[in-house]
Structure formats: C-alpha cells, structure tokens
Amino acid sequence: MGIKALDYETLNENVKKVQYAVRGELYLRASELQKEGKKIIFTNVGNPHALGQKPLTFPRQVVALCQAPFLLDDPNVGLIFPADAIARAKHYLSMTSGGLGAYSDSRGLPGIRKEVAEFIGRRDGFPSDPELIFLTDGASKGVMQMLNCIIRGQGDGVLVPVPQYPLYSATISLYGGSLVPYYLEETANWGLDVNNLRESVAQARFKGITVRAMVIINPGNPTSQCLSEANLREILNFCYQENLVLLGDEVYQQNIYQDERPFISARKVLMDMGSPISKEVQLVSFHTVSKGYWGECGQRGGYFEMTNIPPQTVDEIYKIASISLSPNVPAQIFMGLMVNPLKPGDISYEQYVRESKGILESLRRRARIMTDGFNSCKNVVCNFTEGAMYSFPQIRLPPKAIEAAKRAGKVPDVFYCLKLLEATGISTVPGSGFGQKEGVFHLRTTILPAEEDMPEIMSSFKKFNDEFMKQYEDNWSHSRM
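Since this is a predicted model, take the numbers as computed values, not measurements.

> In this structure, what is going on with the side chain of Thr288? I would like to understand it.
Along the polypeptide, Thr288 turns up in strand E7 (residues 283-288). A polar contact of 3.0 Å, which involves the side chain of Thr288, links it to the backbone nitrogen of Ser290. Side-chain polar atoms of Thr288 contact the backbone oxygen of Gly301, separated by 3.0 Å. Ignoring sequence-local partners within four residues, the contact set of Thr288 consists of Ala139, Val251, Gly301, Gly302, Met335 and Met338.

Here you go:
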C-alpha cells in the first residue's frame, strides 16, 4: 500500500502550519506530570470553573429546568426551584420547536437574538437589529466563521495585535491567509500607536499583501489593557481610511479591574462618530458566556453582531452557518440569561447580585495580588491587569539562561516556563506563543486560582524565579523599565 490520504505527509499544509500555544508543549507536559501524581495548577487557559469558581445559581436552575422539562409538571417543583427560574425556563422553552433537543435556526433562536439586540441597545444607546446577530458555539466559532469569509488566499492579510491570542494566528494559518502584526507598546501599558498600524500596512503592501481586516481585543488577551474611547476613535478612523473591516473581540467586557478606563464597545464609539464613518466602517463584534463573572466556558455560548455589512454578504454568512445546522441550544439559553439578567424585585435578584459581585470583587483583588507579586521578583516586571483574566509579566532572562535554552533546543521563555512547571506545578503559557518583540520574553498566567491560594502560588513563583535568576545570573543585571 502506498501513502494514504490521512498520512501525515499528505495532510493539508495549512493544518500543519497551525500552532496553538495555550494547549501546546507546556500544557502537554503539565498533563503528563499530573498523571504521574504531581499537583498542577493550570493557569494556562481562562477556564474559571476548572480553577474553583462556582457557577451562578440562577442560570443553572433555569437551564436545568429546560433540560428536564418534566420537572415543570411536578407539583413540588416550587419547593426546589424559585418562581422566577420556573417562569424563565417556560419562557425559553416556548421559543424552541421541541425543547433543547431540537435544532434551532442556524443563526440561533429568534427570541434570544432579540434579547441580545436589546442588551446591545441598552449598553450602547443605539438600537441593534436581531437579524444581524448570529448565536455561535462560543465566540471562537464566530471569529473563525468571519475570518473564513474574509480570507480568500495567501495574498489577504489581517492586522492582529502582538502579543495576540493565538486563535487569530492559528485560524489565519488554517485558512491560508497572512497575519500582519501590529505591536502593542509595553512601556505605554500595552498601548496602541496608530503610526505602528500605518507602518504594518505599508510593510504588508510592499510584500504584495492586501490588508482586508483588523482585529482588536478589548480588554486585551494576553495583555489585559483596556482601550480608551480616544484610542477606539483612532482605530475606527484608521479602518475608514484604509477600508478595513474591524473585528472587535470584546469577550472580557465584564472583566474590568480599574475605574479610569471602563469598557466602551467599538460599536458605541462608531455610532457616536456619526456619518460618514458610522455608515461606512464594517464592524463585527464578538461576545461570550465563557468569561466575565459567568465563566461558563464548557457551555460554548457566544454571538457576533454585524454593523454595515451588506445584505447579500449576510445571506452568504447565513448559508455557511447553515452547514452546521444549529448552534447548541442550551448555550443559547445561557446567552439569553446573560444579556437579559434578573432585575430588582425578582425573587433571585439579591442572590444573583451577591454571587456576581463577589466574583468580580475577588478577581479585582487577585489582579492586584498577582501584579504586585510579579513585580516583587528579580528581573520580572508586570503591567497592572486592567481587565480580562491574565497577567503577562516580562521575564528578563540572563544571557546564560538563553544559552542554556539554546543548548536544550528550546525557545528561552519555553525553557523558563518548563523549569517553572517542573519546580512548582504552575502551568503557564510562554510569551512566544502570543508573539513578542525580538529578544524580549514573557509568560501568561490567568488570575483565576482561588484567592486564598494566591499568596502561596506567588510565593512559590518568587522562590523559583529568584533561584533561577541566581543560577544563571553570573553578575548580569538588567535595569527595570
């Protein structure tokens, strides 16, 4: 027998090009160590419930009733479930054609898309059209769907912030496009300079690449910065001038840990700018139930909203969505519950507020503990985690450590992170998995470990780091930023 179609040698080359560091070498090694009995703290991925965050009670009650609708017929159901959860379960079941086991429209249930549109209208102060909202299996599926529509071949480029979440680099590789990096400035708290954008576009065009889209991640992943209104205006002006579609990854919009820069959606700023920009710039915005104080990653619920996208294009996107028949229906209900939350006076309102506020306040404290902890370490410097779920400290590796990494056949920050994992059980992601400037090294960790465990984790990190630096230092020193 000769070479077969699914032998490695004959696979689609784009599949082989894909790299996804969040579940890469470090994660695989951590999984091996866990099997050997070592305690592993998985801070490599923003997965709140896996690190002990409790689910919000009310959404789970509603979805439980929707999953088991026979409970609604039980005369004692009111002894176990509050009346508002029972009412909401009936509300969502009435939207389906046969309960949670039936396909929905390929765009999602119309009633829930209407609730999403109303949420966006309240948030931004401008009405939203449910017909331009598609529910998806997590925000990632929506991002992949849009990039698939944008990328026609290797000559098409997408501007992506560096450091970036590897969903973008992996998907662009998979679809055969070209990633056009624009670098965020670490010394300016991971700020964005429009001059860097212009330079990136000019360099891409010189290489024969047609830049068609720009990605923003706000709040940032892995960098956790929040974009200001002024910054968003600059970005939208740039997209208008360069005729780019803007992809707004806004999945961490509930995760804000400072008061100076609250979350503002790209859509609100676009609408505020008025004509002609508000009528011309094509924008696709993404959100999810996986982040915020919900953290329902495993449910896979998300949406995207399209602004200024022509009707014919919307029809084509609908056609592509139809190939998968239906986004998962329980996740759609989670999305409905997120965008149409309990109101004052509802029976479960106080518990819901207590739970959600407790999670966000704890995350704010954990962001500070982690930032301060990293900044207390030798040759480590870290900007404050303004939003999202991550810290992204810079690790100033001594030349001897870089040489040792090369001898071991490892990228220097991978070498450091592997040593950290072996010594402490802390599983992180090396900065090289997100992109970074040449000769600069980082790691990404979530701020999600339980608050009571955080001091011990940071103490363990500091002990490892300072011993590592001492081992490889040889009187080398590096000034802090």
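Read on, since the account is not over.
> What am I meant to see in helix H10 (residues 229-242) here?
Residues lying three or four places apart along an α-helix face the same way, a consequence of the helix completing one turn every 3.6 residues. Helix length check: H10, at 14 residues, gives a terminal C-alpha distance of 20 Å against a target of 20 Å (1.5 Å per residue), a fit within 8%. Among the residues of H10, those classed as buried are Asn231, Leu232, Ile235, Leu236, Phe238 and Cys239. For H10, the arc enclosing every buried residue in end-on projection is 155 degrees, short of the 170-degree limit, so these residues lie on one face. Exposed residues pointing more than 90 degrees away from the buried face of H10 are listed as Ala230 and Gln241. On its buried side, H10 packs onto strand E3 (156-162), helix H9 (194-206), strand E5 (210-217), strand E6 (245-249) and helix H11 (266-273). In the segment just after H10, Asn243 is the residue with positive phi, at about 60 degrees.

> Looking at this structure, I do not really get empty space enclosed by the protein. What am I missing?
The rolling of a water-molecule-sized probe over the atoms marks out the regions of remaining empty space. Enumeration over the complete set of coordinates arrives at 4 cavities of 30 Å³ or more. Of the volumes computed, that of the largest cavity is approximately 70 Å³. Lining the largest cavity we find Pro161, Pro163, Tyr182, Leu184, Leu192, Ile216, Ile217, Gly220, Asn221, Thr223, Gln225 and Leu227. Its residues placed into classes, the lining of the largest cavity shows 8 nonpolar, 4 polar and no charged.

Criteria and cut-off values
Residues numbered from 1 in each chain as written. Predicted model: local features only at pLDDT ≥ 70, side-chain atom pairs only at ≥ 80, totals over all residues. Heavy atoms only, no water. Helix = DSSP H or I, 4+ residues; strand = E, 2+ residues; numbered from the N terminus. Polar contact = N/O pair within 3.5 Å; in protein donor to acceptor, adjacent residues only side chain to side chain. Contact = heavy atoms within 4.5 Å. Expected span 1.5 Å × (residues − 1). Buried < 20%, exposed > 50% of the residue type's maximum accessible area, 1.4 Å probe, protein only. Arc of directions from axis to C-beta. 1 Å grid on protein atoms, 1.4 Å probe; cavity = no way out; pocket = protein on both sides within 12 Å on 5 of 7 lines; lining within 4 Å. Points joined across faces, edges and corners; volume = space filled by probe spheres on them. Nonpolar A, V, L, I, M, F, W, Y, C, P; charged D, E, K, R; others polar.

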